[in-house]
Amino acid sequence: MSTAIVIGRNEGDRLITCLQSLKSQGVEIVYVDSQSLDNSVLHAREAGALVVELTNEQPVNAARARQAGFNALQAMDNLPEFIQFLDGDCTVVPGWFCAGEAALREDPNLGLVTGWRVELHPERSVYNALCQFEWHRPAGEISVCGGDMMVRSSIFAQVGGFDSDLIACEDFDFCLRLGKAGAKLKRLPVNMTMHDANMTQFGQWWRRSVRAGHGNADVGARHPIAFRRELTRAWVYGGLLPLVFIMGLGGAFWLSLSVVAAYSVNYFRTLFGLMVNGLTIRQAPLHAALILLSKFPNLLGMLLFYVKRARGKKMQIIEYK
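Presented here is an overview of the structure given in this document. Every chain is numbered on its own, with residues counted from 1 as its sequence reads. Local features are withheld for residues below a pLDDT of 70 in this predicted model, meaning they are given only at 70 or higher, and side-chain atom pairs are given and counted only at 80 or more; totals for whole chains, interfaces and linings count all residues. The basis for every side-chain value is the complete set of non-hydrogen atoms in the structure, without hydrogens or water.

**Let's talk about the overall build of the protein**
So, point 1. The secondary structure content of the protein amounts to 12 helices and 9 strands.
So, point 2. Here the C-alpha radius of gyration of the protein, 21 Å, is about what a compact globule of 321 residues would show, namely 20 Å.
So, point 3. Dimensions of the protein along its principal axes, counting C-alpha atoms only, are 70 × 45 × 40 Å.
So, point 4. Think of it in three bands: residues with accessible area under 20% of the maximum for their type are buried, residues over 50% are exposed, and the middle band is partly exposed, with areas taken using a 1.4 Å probe on protein chains only. Counting every position in the protein, which comprises 321 residues, the buried fraction comes to 51%.
So, point 5. Any two residues having at least one pair of non-hydrogen atoms within 4.5 Å are treated as being in contact. Put simply, of all contacts in the protein between residues at least 6 apart along the chain, 73% involve residues at least 24 apart.
So, point 6. Residue-level accessible areas treat just the shown protein chains as cover; the underlying method is Shrake-Rupley with a 1.4 Å probe. Element-wise, carbon and sulfur atoms account for 58% of the exposed surface of the protein, whose accessible area totals about 15200 Å².
So, point 7. For the charge count, each Lys or Arg is scored as positive and each Asp or Glu as negative, with His and the chain ends excluded. Taken as the charge location is NZ of Lys, CZ of Arg, CG of Asp or CD of Glu. Seen as two clouds, the 32 positive and the 29 negative side-chain charges of the protein have centres 9 Å apart. Strands are runs of DSSP state E lasting at least two residues, helices are runs of H or I lasting at least four, and both sets are numbered from the N terminus onward. Radius of gyration here is computed from C-alpha atoms only, and the compact-globule reference equals 2.2 Å multiplied by the residue count raised to the power 0.38.

As structure tokens, then:
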């Protein structure tokens with residue numbers, strides 16, 4: 001049987017719903033709290049969870065929290081065969097644990113399985129809807145996935161778990177190391193979790209995009225092949241083309257027009273790609289615009305990482321909620 005390691009920070013009612021979804025399925029729970037200011041710890045104890053509270057001696061982040069949950073189980077000599085990692089703003093769909101455990105037992109070469117994360121309220125904002133589109137990826141063998149995952153405990157320990165120095169994309173880094181160790185990763189064609197992004201403001205989306213850029217740069221520095229495409233696009237569309245556009249305003253207007261053409265081609269290519277993948281003609285234009293715009297906060301996050309690394313500074317969590 002699996003044990004769920006839930007991480008959270010000021011999740012409020014979302015955490016209560018998360019814990020209830022696990023209790024109703026008879027799943028043992030470890031809750032790791034990242035210095036919440038609400039009643040998260042109390043709610044977790046009331047749900048019967050083993051509670052781990054992170055101290056302020058190190059920066060808090062998802063990687064440190066997930067690893068602390070595993071370490072707590074390991075210290076108790078109580079490691080289950082499988083561990084389900086879960087964010088506190090998610091609930092687990094009934095039937096997922098049976099599906100995930102069955103897949104891992106059927107194929108001993110599988111180190112990790114995941115399923116589809118479904119956004120709870122995509123209709124509330126375009127930012128939530130973007131998350132919904134982002135979550136739904138093809139089933140089958142994969143190289144990386146998000147933080148909702150069921151992992152074989154033995155292989156998790158073998159590759160060293162999560163790297164607590166990463167403030168974002170720690171799940172991708174773990175997956176890449178898992179693959180390098182020879183384990184297979186698979187997305188099952190079933191719903192796994194319901195997620196509540198709760199993003200209703202542009203500023204939230206912007207900060208989330210900055211965090212993504214920071215994480216991509218950090219993981220890209222550790223795994224040079226990873227995120228090469230995403231990093232290149234951020235440099236080109238978030239940095240190089242705006243610079244060329246400004247240079248063109250000095251007299252070489254054809255340069256500025258070329259930049260406008262490049263952005264236009266990218267926009268319409270993204271627009272048609274979104275429509276091919278299921279978005280409607282009403283949804284796709286704004287989605288495409290935000291995807292193009294995201295290159296600017298992505299680049300900002302990348303530069304933030306490079307500057308901090310050059311100065312030898314600790315990376316601090318970037319919150320968007």
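And the narrative resumes.
**So, the packing of aromatic side chains**
So, point 1. Aromatic pairs are defined between Phe, Tyr and Trp rings, using the six-membered ring for Trp, whenever the two ring centres lie within 6.5 Å; interplanar angles under 30 degrees are classed as stacked, those over 60 as edge-to-face, and all others as tilted. Evaluation of the coordinates by the stated rule reveals 16 aromatic pairs.
So, point 2. When the centroid spacing of 5.2 Å and the interplanar angle of 90° are considered together, the rings of F85 and F162 count as edge-to-face. In this pair, F85 is assigned in strand β4 (residues 82-87) and F162 in the loop between α6 (153-159) and α7 (170-180), connecting sequence segments 77 residues apart. Residue F85 shares its accessibility class with F162, and that shared class is buried.
So, point 3. With a centroid separation of 5.0 Å and an interplanar angle of 40°, the aromatic rings of F162 and F174 are classed as tilted. Of this pair, F162 sits in the loop between α6 and α7 while F174 sits in helix α7, and the two are 12 residues apart along the sequence. F174 matches F162 in its accessibility class, with the two residues each being buried.
So, point 4. Put simply, the rings of F70, F85, F156, F162 and F174 pair up and form one aromatic cluster.

**Structural notes on the state of the cysteines**
So, point 1. Our working definition of a disulfide is a cysteine sulfur pair at a distance within 2.5 Å. Counted under the stated rule, the structure contains 0 disulfides.
So, point 2. Take C145: it sits in no disulfide, and the sulfur closest to it among the cysteines is that of C175, at 3.8 Å.
So, point 3. Among the residues examined, C145 registers a relative accessible area of 2% and is labelled buried.
So, point 4. With no disulfide of its own, C169 lies closest to C175 among cysteine sulfurs, the gap being 11 Å.

**What to know about the pairing of β4**
So, point 1. A large share of β4 lies buried, amounting to 6 of its 6 residues.
So, point 2. Two strands are said to pair when DSSP picks up at least two bridges between them. Relative to β4, strand β1 (residues 2-8) runs parallel, the two being bridged by 6 bridges. Within the sheet, the bridge partner assigned to A4 lies in β4 and is Q84.
So, point 3. Relative to strand β8 (residues 149-152), β4 is paired through 4 bridges, and the arrangement is antiparallel. Considered in β8, the bridge of F82 is made with R152.

**With respect to the nonpolar core**
So, point 1. Only buried Ala, Val, Leu, Ile, Met, Phe, Trp, Tyr and Cys residues count toward a nonpolar core, and they belong to the same one when joined by side-chain atoms within 4.5 Å. Counting 29 residues, the largest nonpolar core has V32, L112, M149 and F174 as the members making the most contacts within it.
So, point 2. Listed by contribution, the elements that provide at least two residues to this core are β1, β2 (28-33), α3 (62-75), β4, β8, α6 and α7.
So, point 3. Leaving out residues up to four positions away in the same chain, L112 has contacts with L104, C145, M149, M150, V151, F174, C175, L178, K184, L185 and K186.
So, point 4. Listed in part, the 27 residues of the second largest apolar core include L15, C18, M150 and M192.

**What to know about the pairing of β1**
So, point 1. Counting buried positions along β1 gives 7 out of 7 residues, so the element sits mostly inside the fold.
So, point 2. Judged by which residues are buried, β1 turns out to be covered on both faces: S2, A4, V6 and G8 on one side and T3, I5 and I7 on the other are all buried.
So, point 3. Strand direction decides the pairing type here: β1 and β2, joined by 6 bridges, are parallel. Residue pairing for β2: G8 is matched across the bridge by D33.
So, point 4. Look down the strands so they point away from you; if going from the first strand over the helix to the second traces a clockwise path, that crossover is right-handed. Following the chain from β1 across helix α1 (residues 13-23) to the adjacent parallel β2, one finds a crossover that is right-handed.

**Overview of unusual backbone geometry**
So, point 1. The residue Q35 is not glycine, and still its phi comes out positive at about 60°.
So, point 2. Mapped onto the fold, Q35 is located in the loop between β2 and α2 (40-46).
So, point 3. Of note, N198 is a non-glycine position whose phi angle comes to about 55°, a positive value.
So, point 4. Tracing the chain through its elements places N198 in the loop between β9 (184-195) and α8 (202-222).
So, point 5. A relative accessible area of 32% means that N198 is categorised as partly exposed.

**So, the environment of P138**
So, point 1. Along the chain, the position of P138 falls in the loop between α5 (126-135) and β7 (140-141).
So, point 2. Using a relative accessible area of 63% as the deciding quantity, one classes P138 as exposed.
So, point 3. Here the alpha-carbon distance between P138 and V236, two residues 98 residues apart in the chain, equals 28 Å.

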